[in-house]
Amino acid sequence: MTEVGSTGFDKVVASAAEAVADIPDGASLAVGGFGLCGNPIALIEALLAQGTAGLSVVSNNCGVDDWGLGVLLNAHRIAKMTSSYVGENKEFERQFLSGELELELTPQGTLAEKLRAGGAGIAAFFTRSGVGTQVADGGLPRKYDGAGGIAIASPAKEVRTFRTGGANGGDAEYVLEESISTDYALVHALRGDRHGNLVFNKSARNFSPLAAMAGRVCIAQVEELVEPGEIDPDTVHLPGVYVHRVVHVGTDIEKRIERRTVTAPSSSDTAPDTKGA
């Protein structure tokens with residue numbers, strides 16, 4: 001296993017279980033994925049199998065009841081979630097309203113930038129997102145007491161006025177948001193090489209590079225493992241400098257569709273093709 005601070009370039013480990021073996025109870029994790037796209041399910045299931053608990057997880061969402069981060073949630077392994085969308089998981093709703101789970105609800109773009117800033121070594125930044133709402137003013141429920149009351153509420157944040165837009169600009173209020181960095185990051189990539197350079201597939205790229213940057217130790221599961229040099233440097237989405245361990249999971253790994261939507265065929269779709277007749 002490649003340890004933090006190692007000068008070795010080959011970052012491949014033999015299994016998902018080996019890759020997550022040192023993640024302790026109470027660790028903080030940044031986890032990639034967008035909906036059910038790009039969920040690092042092999043790493044999540046390995047973490048579930050080893051029994052790690054009390055986790056603080058930062059991810060766009062928490063999967064669904066039986067998939068993605070939802071499998072850790074169902075096993076009561078997650079103590080706190082920092083997310084921007086939580087609408088497809090009934091167990092998430094139950095645990096939050098019953099006081100079993102702490103939630104830091106964050107605007108989606110702000111969450112993305114908090115992760116990116118954490119990975120870039122930026123302590124905090126100002127944004128207009130959330131100004132004039134409880135995001136800035138405080139009072140959002142973070143944890144309930146199980147009896148309908150609020151046990152923990154979000155604090156008020158600093159709001160400052162800046163002049164923007166050059167000579168023709170005006171004054172606007174911005175809220176201070178602190179960046180996010182975590183103990184570990186778990187991501188799924190379409191392709192990776194032994195040095196940890198990664199390529200993500202379509203919408204799975206939305207949060208995965210940012211989550212990877214935010215983790216002090218980044219663990220990536222990849223569908224296709226290639227040798228260094230086989231990925232065109234111009235197509236690398238995340239440089240290997242951010243990645244510490246790589247696990248090859250293969251292309252036949254199970255994937256889920258969060259909500260399947262199909263369009264009923266129209267009459268033109270079913271009519272016989274008479275072209276050239």
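Criteria and thresholds
- Residues numbered from 1 in each chain as written.
- Predicted model: local features only at pLDDT ≥ 70, side-chain atom pairs only at ≥ 80, totals over all residues.
- Heavy atoms only, no water.
- Core = buried A, V, L, I, M, F, W, Y, C linked by side-chain atoms within 4.5 Å.
- Buried < 20%, exposed > 50% of the residue type's maximum accessible area, 1.4 Å probe, protein only.
- Helix = DSSP H or I, 4+ residues; strand = E, 2+ residues; numbered from the N terminus.
- Contact = heavy atoms within 4.5 Å.
- Phe/Tyr/Trp six-rings, centres within 6.5 Å; stacked < 30°, edge-to-face > 60°.

Draft legend 1. Quick peek at the nonpolar core. Ile 23, Leu 29, Met 81, Leu 186 and Ile 219 are the most contacted members of the largest nonpolar core, which totals 37 residues. The element best represented in this core is helix H2 (residues 41-50), accounting for six residues. Leaving out residues up to four positions away in the same chain, Leu 29 has contacts with Ile 23, Leu 47, Leu 55, Ser 56, Val 57, Val 58, Thr 182, Tyr 184 and Leu 186. Grouped together as the second largest cluster of nonpolar side chains are 23 residues, Ala 185, Phe 200, Ala 212 and Val 246 included.

Draft legend 2. Geometry of the packing of aromatic side chains. On inspection of all chains with the given rule, the structure shows four aromatic pairs. Ring geometry for Phe 96 versus Tyr 144: centroids 5.2 Å apart, planes at 70 degrees, classification edge-to-face. Highlighted residues: Phe 96 in helix H4 (residues 90-97) and Tyr 144 in strand E6 (residues 141-144), separated in sequence by 48 residues. Exposure remark for Phe 96: the relative accessible area of 12% places this residue in the buried category. Of the residues examined, Tyr 144 reaches a relative accessible area of 18% and is grouped as buried. When the ring of Phe 162 is compared with that of Tyr 174, the centres are 5.7 Å apart and the planes differ by 85 degrees; the resulting orientation is edge-to-face. Here Phe 162, found in strand E8 (residues 159-164), pairs with Tyr 174, found in strand E9 (residues 170-178); they are 12 residues apart in sequence, far enough to count as distant. For Phe 162, a relative accessible area of 30% gives the class partly exposed. By relative accessible area, Tyr 174 is classed as buried at 15%. Aromatic rings pair up to connect Phe 126, Phe 162 and Tyr 174 into one cluster.

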